[in-house]
Amino acid sequence: MKKIIILLFSSILFFSCKKENAGFFNGNQNLDSLLLSVEKSKNVNYKIKTADKILEHINQNKLDSISRMQYMSLARIYLSLNDLKYVEICDLLISNPIIPINHQEISFLSFTLGSYYYNIADYEKSFLNLSKAEKSFTVLNNKYYLCYVINTKADILTFKNDYIGAEILAIKSLKIAKELKNEDLIYSNYLTLGNSLTGLN
């Protein structure tokens, strides 16, 4: 089964005593700088411990536009660590109707969730989230990821024996792949198209 590769958008400091931790999150500017430091760090142990500490802190606050961006940073960090906390964070952000989010954020959250559910073969949830991502990538005119998402949706329909629907999406995705002149995407789409046609015969 084809796995979706997620493009991530992208110093050893430990504070152990309570007094230090109290000043550790002194203001959003300090917290944002710390998140940036964690994202750039290659020290896995530092990233895990600090990210967990930040998540615990943010969870105590009300969800607003500032904390939303901090959650987004944490989602990218946990994703890079293959820590499933990123799924919980993405679910929280995309399901919360109070704070409006833009297409850049929707595309990241939906694509990330769609990829996760695809890889664990929960195709209903994957298709739903990838459809949201498709709309955002269309608005953003991000043709590479648009093509990738449509092709993956075609794969899902093939798994569900909807070969006509899979063929339609595969042809749509193949057209974009040829426009981009991306050999990997073209090959992937021909493979998906072949699978759908085989199912029809």
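Because the structure is predicted, anything quoted here is derived from the model rather than measured.

S.K.: Looking at this model, I keep getting lost on a nonpolar patch on the surface. Mind explaining?
M.R.: Taken together, Ile164, Ile168, Leu197 and Leu200 make up a surface patch of nonpolar side chains, about 370 Å² in accessible area. When you line up the elements, Leu200 lands in helix H10 (residues 183-200). Exposure remark for Leu200: the relative accessible area of 40% places this residue in the partly exposed category.

S.K.: I tried to follow helix H5 (residues 85-95) on my own but got confused; where do I start?
M.R.: Note that an α-helix has 3.6 residues per turn; residues three or four places apart therefore point the same way. Every buried residue of H5 is listed here: Tyr86, Val87, Ile89, Cys90 and Leu93. Projected down its long axis, H5 carries its buried residues within an arc of 165 degrees, all on one side. For H5, the exposed residues lying more than 90 degrees away from the buried face are Glu88 and Ser95. Buried residues belonging to H5 abut helix H3 (44-58), helix H4 (65-80) and helix H6 (103-119).

S.K.: What is the right way to read the side chain of Ser41 from this model?
M.R.: Residue position: Ser41 is located in the loop between helix H2 (28-40) and H3. A distance of 3.0 Å separates a polar side-chain atom of Ser41 from the backbone nitrogen of Asn43.

S.K.: Before we go on, may I ask you to explain unusual backbone geometry in this structure?
M.R.: The bulk of non-glycine residues show a negative phi, and the bulk of peptide bonds are trans. Phi is positive for Asn82, which is not a glycine, with a value near 60 degrees. Mapped onto the elements, Asn82 comes out in the loop between H4 and H5. Classification of Asn82 as exposed rests on a relative accessible area of 62%. A positive phi angle is found at Ala121, which is not glycine, with a value near 65 degrees.

S.K.: For this particular structure, what's the right way to read helix H7 (residues 123-140)?
M.R.: With 18 residues, H7 ought to run about 26 Å at 1.5 Å a step, and its terminal C-alpha atoms sit 25 Å apart, in line with that. When H7 is considered as a whole, its buried residues turn out to be Tyr123, Ser126, Asn129, Leu130, Ser131, Ala133, Glu134, Ser136 and Phe137. Asn141 sits one or two positions beyond H7 and adopts a positive phi of about 60 degrees.

S.K.: Is there a simple way to think about the confidence of the model for the protein in this case?
M.R.: The predicted coordinates of low-pLDDT regions are not to be read in fine detail. On average, residues of the protein score 86 in pLDDT, and 84% of them reach the 70 mark or higher. Of the regions scoring below 50 in pLDDT, residues 1-23 engages in 50 contacts with residues more than four places distant in sequence or in other chains.

S.K.: Where do I start with the packing of H5 against H6 in this structure?
M.R.: How two helices pack is summed up by the angle between their axes together with the distance between the axes. Running from amino to carboxyl end, H5 crosses H6 at an angle of 135 degrees, the nearest separation of the two axes being 10 Å. Comparing the axis directions of H5 and H6 gives the class oblique. Here the hand of the crossing between H5 and H6 comes out left-handed. Touching Tyr86, Val87, Cys90, Asp91, Leu93 and Ile94 of H5 are Leu109, Ser110, Thr112, Leu113, Tyr116 and Tyr117, all from H6. Looking at side-chain class alone, the contact of H5 with H6 contains nine nonpolar, two polar and one charged residues.

S.K.: How do you make sense of the packing of H4 against H5 when you look at a structure like this?
M.R.: As a packed pair, H4 and H5 sit with axes 8 Å apart at the nearest point and diverge in direction by 150 degrees. Taken together, the axes of H4 and H5 lie roughly antiparallel to each other. Here H4 and H5 pass one another in a crossing that is left-handed. Together, Arg68, Tyr71, Met72, Leu74, Ala75, Tyr78 and Leu79 of H4 and Lys85, Tyr86, Ile89, Cys90, Leu92 and Leu93 of H5 make up the contact between the two elements.

S.K.: Quick question: what am I supposed to make of the packing of aromatic side chains here?
M.R.: Each aromatic ring pair is characterised by the separation of its centres together with the angle its planes make. Under the defined criterion, the tally for this structure stands at 10 aromatic pairs. Their ring planes at 80 degrees and their centres at 5.2 Å tell us that Tyr144 and Tyr145 sit as a pair that is edge-to-face. Counting every residue linked through ring pairs, the aromatic cluster contains Phe111, Phe137, Tyr144, Tyr145 and Tyr148. One cation-aromatic arrangement involves Lys153 over Phe127; the distance from NZ or CZ to the ring centre is 4.7 Å.

Rules behind the numbers
- Residues numbered from 1 in each chain as written.
- Predicted model: local features only at pLDDT ≥ 70, side-chain atom pairs only at ≥ 80, totals over all residues.
- Heavy atoms only, no water.
- Patch = residues over 30% accessible without salt bridge, like charges linked within 9 Å, V, L, I, M, F, W, Y side chains within 5 Å.
- Areas by Shrake-Rupley, 256 points an atom, 1.4 Å probe, with all protein chains shown as cover.
- Salt bridge = Lys/Arg side-chain N within 4 Å of Asp/Glu carboxyl O.
- Helix = DSSP H or I, 4+ residues; strand = E, 2+ residues; numbered from the N terminus.
- Buried < 20%, exposed > 50% of the residue type's maximum accessible area, 1.4 Å probe, protein only.
- Arc of directions from axis to C-beta.
- Contact = heavy atoms within 4.5 Å.
- Polar contact = N/O pair within 3.5 Å; in protein donor to acceptor, adjacent residues only side chain to side chain.
- Expected span 1.5 Å × (residues − 1).
- pLDDT = per-residue confidence, 0-100.
- Axes fitted to C-alpha atoms, helices over the stretch in contact; angles between N-to-C directions.
- Parallel < 35°, antiparallel > 145°, perpendicular 65-115°, else oblique.
- Left-handed = near helix turned anticlockwise from the far one by under 90°.
- Nonpolar A, V, L, I, M, F, W, Y, C, P; charged D, E, K, R; others polar.
- Phe/Tyr/Trp six-rings, centres within 6.5 Å; stacked < 30°, edge-to-face > 60°.
- Lys NZ or Arg CZ within 6 Å of the ring centre and 35° of its normal.

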